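Residues per chain are reported as follows:
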Amino acid sequence: MSDTAVSVAMHTEKAVHIHLAGKVQGVGFRPFVYRLGNALNLRGWVNNTLDGVHIEAVGAPDILDLFYQRLLREYPEIAQVTASECREIPLFSADAFSVVHSDASGAASVLLLPDLDVCDNCRREMNDPANPRYQYPFITCTDCGPRYSIIEALPYDRVNTTMAPFRMCPDCQQEYDHPADRRFYSQTNSCPTCGIQLTLLDAEGKPLAKAANAIEQAVAAILDGKILAIKGLGGFLLMADAGNEETIAKLRQRKHRPDKPFALMYPTLPDIRGDVYLSATEADLLNSREKPIVILRKREDCRGIAPSVAPDQNTLGIMLPYTPLHYLLLNKLQRPVVATSANISGSPIIADDATLFSALGHVFDFALTHDREIAVAQDDGVLRVTRYAEQPVILRRSRGAAPLYPNNIVPLDNCPPILALGAEQKSTIAFSHHDDIYVSQFLGELSNFDSEENFQRAINYFRQLFALRPEMLVVDAHPQYAATRHGETLARQWGVPLLRIQHHQAHFWALLAERQLLSDNDPILGIVWDGSGWGDDGAIWGGECFRFQNGKMARRAHFDYFPLLCGDKAAREPRLSALALWHSHPAAQDWLQHKFSSTEWPIYQGMLQAEKYHRTSSVGRLFDAVACLLGCADKQSYEGAAAMQLEQLAERYCDDSSLDEAVSNAGFYSLSINTTGQISLDELLNDLFNDYQGGIPAEKIAFKFHLSLVKLIEQLAAVENVSTLAFSGGVFQNGLLVDLLHHLLGNSCQLHFHRHLSPNDENIAFGQLIAAAYQGGYLGKEKGE
């Protein structure tokens, strides 16, 4: 533009600088801005930086105003703008509107985008024999593909991801450069010529086939009853024919996983409908961009799934394919497969070839792997929908959801960087950065060495990615948690304060924030029931009732303490909880003694007499004891197995009637609350055992037990004169309990459950962060869910 033209333009044009923050990288935002700028005949540029997208544009004032409005109104569906600024700047010279190279200077504040399932357009191309990417297992575009799992640095550009080693061929480069192309500035763009290479290996690591031949041989191996380790977005999945009982039994034996259910992957939604009951809500979740595992009720005529996939369960955990490779495999197999995380029990999912072969080489027969590295390992997410109220309940928040947390729900206001390290089980970390909140994926159980290493890797990853320098650390009050000890060490190293938040209060803080209740004037009753958490009095809490009002949280009621025999062993052996609760019941002695060997019985009796145990109020252990009484399990190989069996037993009581009829006919056990807030179990335990001895069907006893807990909550609300109730803790993963709460209290009380986080200990880190931010005065005005 000549000097004269610039002089004339000064009277008719202006220039603006626009900054857009949020989920604006890896979502096709720059191509969107480029096309819009050109459509409005503006001149200028757009680029990525560490704090979002920056735009400078020259044009007529009214056109620039329209440009800004449309930027905020029409951006890509998978994007999210959380903050925007438009300010006038001096006119500058530009001949066109362009995309310029990213700027890696400054402080990182862009939101990380979760991994995305393959989009419909890419699936169509992958199935088109005339398309250059026909059956290419790593097809992507700006609307789909890996994001979080491949990011090594910010801003989100190919050079900062594990796609960096794959140089685009001329055809891919042309797509990348062409504004009208769907792959314009797609950082994961590749094709069979220049892209990721798929290889089939035997159990010794010897290459057997590549590309399309690798897929064909992998399909043939699965159909032949072999077990395959297949590399996906967040790590390896072990896959096998779900209808082959011999193969599934072999997988259980090799993986040392006696009865914990395996997840399944089905080719299509219609295939799923043939084996399970499927509501519209469940179908929508299966088809969502997150593509989680959804726990679904089996049909009575479900015949194609091997019994050992989910022993003694009336449910199946099912997901749909979410990567191009999964679609290709399942389309050729035309049958469901087991698709379980490749890991050692309790350890995080394995994401690299070397670890796979060293740790699980004895488990699989073949490995289908590829040469794109995984920067962040993640398991598949898991959720369920309750049977009657259709309330979604997240069981594991991971791939497709992490690490974002919706910042419009909990706005921070000038909050310093806070790092919260969560609990021992269901480990996650959470941190604040530039007033955004991040909650990591599920990291494992920290009693496991590999999981503790994964936990430390996650801390280091986020610190490096965001140049994060926490000014406060928050940990659980339990002095022996690995996360607590690690936090103490980091606080000393970094010279920052350490805040300890009681476990169940962290649960309640998490829910108060998630449901935007922190600024409510009315009192809120928090019911927090789980397996265990260190209490302020040194006991192991787990059956707690808190009251929150005017910023103050107080413990108002709890279950009577009872013996927690052998600490964590009690969680693995429901018979120990049964002994702890019924050891003084005269009629229960013979029944209890048969649960133990002649060597064990005097040992446990001695522990009870000498009071060599922690005291607990755990509702989780109460569920275990009742499950043991009703024949569900004396021991369990995985957490929550006995409680799941008890819930299924109770649900069977409703099979031949409506929930309303079941509630009317069952009756319930009494639980009394004394003036100090102690909830006595004596009457419930006595009446429950008498019903058992009297031959009352186990299904009815189990249902009455669930109903009794809801009646107790109703009683607590009346005692406290509170009508707003909030529920957290692992016990509220129980679908029947949630349904009964809706059924009995939904009309008289406001009920609040988690929506974006699991009720289990995955939410502890988030709750710790919220407690610290609230106490520091860093929470802004709640904006609405």
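The structure under discussion appears in the preceding block.
Residues numbered from 1 in each chain as written. Predicted model: local features only at pLDDT ≥ 70, side-chain atom pairs only at ≥ 80, totals over all residues. Heavy atoms only, no water.

When helices and strands are tallied, the protein chain shows 25 helices and 30 strands. Dimensions along the principal axes, computed over C-alpha positions, put the protein chain at roughly 100 × 65 × 55 Å. Residues counted as buried form 60% of the 785 residues belonging to the protein chain. On the protein chain, roughly 29900 Å² of surface is accessible, and the fraction owed to carbon and sulfur atoms is 47%. Looking at charge distribution, the protein chain has the averaged site of its 68 positive side-chain charges lying 2 Å from that of its 93 negative ones. (Helix = DSSP H or I, 4+ residues; strand = E, 2+ residues; numbered from the N terminus. Buried < 20%, exposed > 50% of the residue type's maximum accessible area, 1.4 Å probe, protein only. Areas by Shrake-Rupley, 256 points an atom, 1.4 Å probe, with all protein chains shown as cover. Lys, Arg positive; Asp, Glu negative; His and termini not counted. Charge placed at Lys NZ, Arg CZ, Asp CG, Glu CD.)

Moving on, we get to unusual backbone geometry. With omega at 5°, the peptide bond leading from Leu-154 into Pro-155 counts as cis. Following the sequence through the fold, Pro-155 ends up in the loop between helix H4 (120-126) and helix H5 (170-177). In this model, Ala-402 is joined to Pro-403 through a cis peptide bond whose omega is 5°. Residue placement: Pro-403 occurs in the loop between strand E16 (392-396) and strand E17 (418-420).

Attention now moves to helix H10 (residues 324-333). Buried residues dominate H10, accounting for eight of its ten residues. Those residues of H10 not exposed but buried are Pro-324, Leu-325, His-326, Tyr-327, Leu-328, Leu-329, Leu-330 and Leu-333. Remark: Gln-334 follows H10 within two positions and exhibits a positive phi of approximately 55°.

Residues Trp-529, Phe-559, Trp-582 and Phe-703 are the most contacted members of the largest nonpolar core, which totals 79 residues. Among the elements that line this core, the one with the most residues is helix H23 (residues 698-720), at eleven residues. The next biggest cluster of nonpolar side chains, apart from the first, holds 73 residues, and it includes Ile-151, Ile-196, Leu-328 and Leu-490. (Core = buried A, V, L, I, M, F, W, Y, C linked by side-chain atoms within 4.5 Å.)

Along strand E23 (residues 540-549), nine of the ten residues are buried, which leaves the element largely enclosed by surrounding structure. Direction of pairing for strand E22 (residues 524-534) relative to E23: antiparallel, over a ladder of eight bridges. Looking at the pairing, Gly-533 lines up with Trp-541 of E23. Where E22 folds back on E23, the antiparallel hairpin that results is connected by five residues, among which Gly-538 adopts a positive phi of roughly 85°. (Pairing = 2+ DSSP bridges.)

A separate point is the packing of aromatic side chains. Enumeration according to the criterion identifies 34 aromatic pairs in this entry. Joined through ring pairs, the aromatic side chains of Tyr-148, Phe-431, Tyr-438, Tyr-461, Phe-462 and Phe-466 make up one cluster. In this structure, Arg-252 packs its charged tip against the face of Phe-262, placed 4.1 Å from the ring centre. Stacked on the ring of Tyr-322, the Lys or Arg Arg-399 has its end atom at 3.5 Å from the ring centre. (Phe/Tyr/Trp six-rings, centres within 6.5 Å; stacked < 30°, edge-to-face > 60°. Lys NZ or Arg CZ within 6 Å of the ring centre and 35° of its normal.)

So, on to the sheet that holds strand E8 (residues 228-231). With respect to topology, eleven strands assemble into an open sheet ordered E7-E6-E14-E8-E9-E13-E10-E12-E11-E15-E16, the strand pairing being mixed. On the outer flanks of this sheet lie strand E7 (207-210) and E16, each paired with one strand and no other. Taken pair by pair, the neighbouring strands of this sheet meet at an average axis angle of 30°, ignoring direction. Pairing between strand E6 (residues 198-202) and strand E14 (residues 366-370): five bridges, direction antiparallel. Bridge pairing links Asp-202 to Phe-366 in E14. (Axes fitted to C-alpha atoms, helices over the stretch in contact; angles between N-to-C directions.)

Here we have five strands laid out as an open sheet, ordered E4-E1-E3-E2-E5, and mixed in their pairing. The sheet is open, and its two edges are formed by strand E4 (80-89) and strand E5 (97-99), each paired on a single side. The average undirected angle you get between the axes of adjacent strands in this sheet is 15°. Where strand E1 (residues 14-23) lies against E4, nine bridges are found, and the strand directions are antiparallel.

Glancing now at the pairing of E8. Residues Leu-228 and Ile-230 point to one face of E8 and Ala-229 and Lys-231 to the other, with burial holding for every one of them. Note that E8 and strand E9 (residues 236-241) share four bridges and pair antiparallel. Paired with Ile-230 across the strands is Leu-237, a residue of E9. Counting the residues in the hairpin turn of E8 and E9 gives four residues, including Gly-235, whose phi is positive at 160°. Summarising the sheet, E8 and E14 pair through three bridges and their orientation is parallel. Paired with Ile-230 across the strands is Leu-368, a residue of E14.

What follows is about the pattern of salt bridges. If you walk through the whole model with that rule in mind, you get 30 salt bridges. Put simply, Asp-120 and Arg-123 hold a salt bridge, and the shortest N to O gap is 3.2 Å. Taken together, the positions of Asp-120 and Arg-123, both in helix H4 and three residues apart, correspond to about one turn of that helix. Assessed through its relative accessible area of 23%, Arg-123 is described here as partly exposed. Salt-bridge contacts for Arg-133 lead to Glu-175; the nearest nitrogen and oxygen are separated by 2.6 Å. On the criterion of sequence distance, the pair formed by Arg-133 in the loop between H4 and H5 and Glu-175 in helix H5 is long-range, its members being 42 residues apart. On the accessibility criterion, Arg-133 (4% relative accessible area) is buried. (Salt bridge = Lys/Arg side-chain N within 4 Å of Asp/Glu carboxyl O.)

Another aspect to go through is helix H25 (residues 764-776). For H25, with 13 residues, the first-to-last C-alpha span of 18 Å sits near the 18 Å given by 1.5 Å per residue. For H25, the complete set of buried residues consists of Ile-764, Ala-765, Phe-766, Gly-767, Gln-768, Leu-769, Ile-770, Ala-771, Ala-772 and Ala-773. Next to the buried residues of H25 lie E17, strand E18 (430-433), strand E19 (436-439), strand E20 (472-476), strand E21 (498-501) and helix H14 (503-514). Downstream of H25 by a residue or two, Gly-777 has a phi angle that is positive, lying close to 80°. (Expected span 1.5 Å × (residues − 1). Contact = heavy atoms within 4.5 Å.)

As for its position among the elements, Arg-43 is in strand E2 (residues 43-49). Owing to a relative accessible area of 14%, Arg-43 belongs among the buried residues under this scheme. Polar contacts involving the side chain of Arg-43 include one to the side chain of Glu-13, which spans 2.9 Å. Among the polar contacts listed, one links the side chain of Arg-43 to the backbone oxygen of Ala-94, at a separation of 2.9 Å. (Polar contact = N/O pair within 3.5 Å; in protein donor to acceptor, adjacent residues only side chain to side chain.)

Time to look at the packing of helix H16 (residues 574-582) against helix H18 (residues 600-610). Contact pair H16 / H18: the axes reach a minimum separation of 11 Å and the direction vectors enclose 50°. In this view, H16 runs oblique relative to H18, as classed from their interaxial angle. Crossing hand, H16 versus H18: right-handed. Side by side, H16 and H18 meet where Arg-575, Leu-576 and Leu-579 of the first sit next to Glu-600, Trp-601, Tyr-604, Gln-605 and Leu-608 of the second. Class assignment for the residues of the contact of H16 with H18 results in five nonpolar, one polar and two charged. (Parallel < 35°, antiparallel > 145°, perpendicular 65-115°, else oblique. Left-handed = near helix turned anticlockwise from the far one by under 90°. Nonpolar A, V, L, I, M, F, W, Y, C, P; charged D, E, K, R; others polar.)

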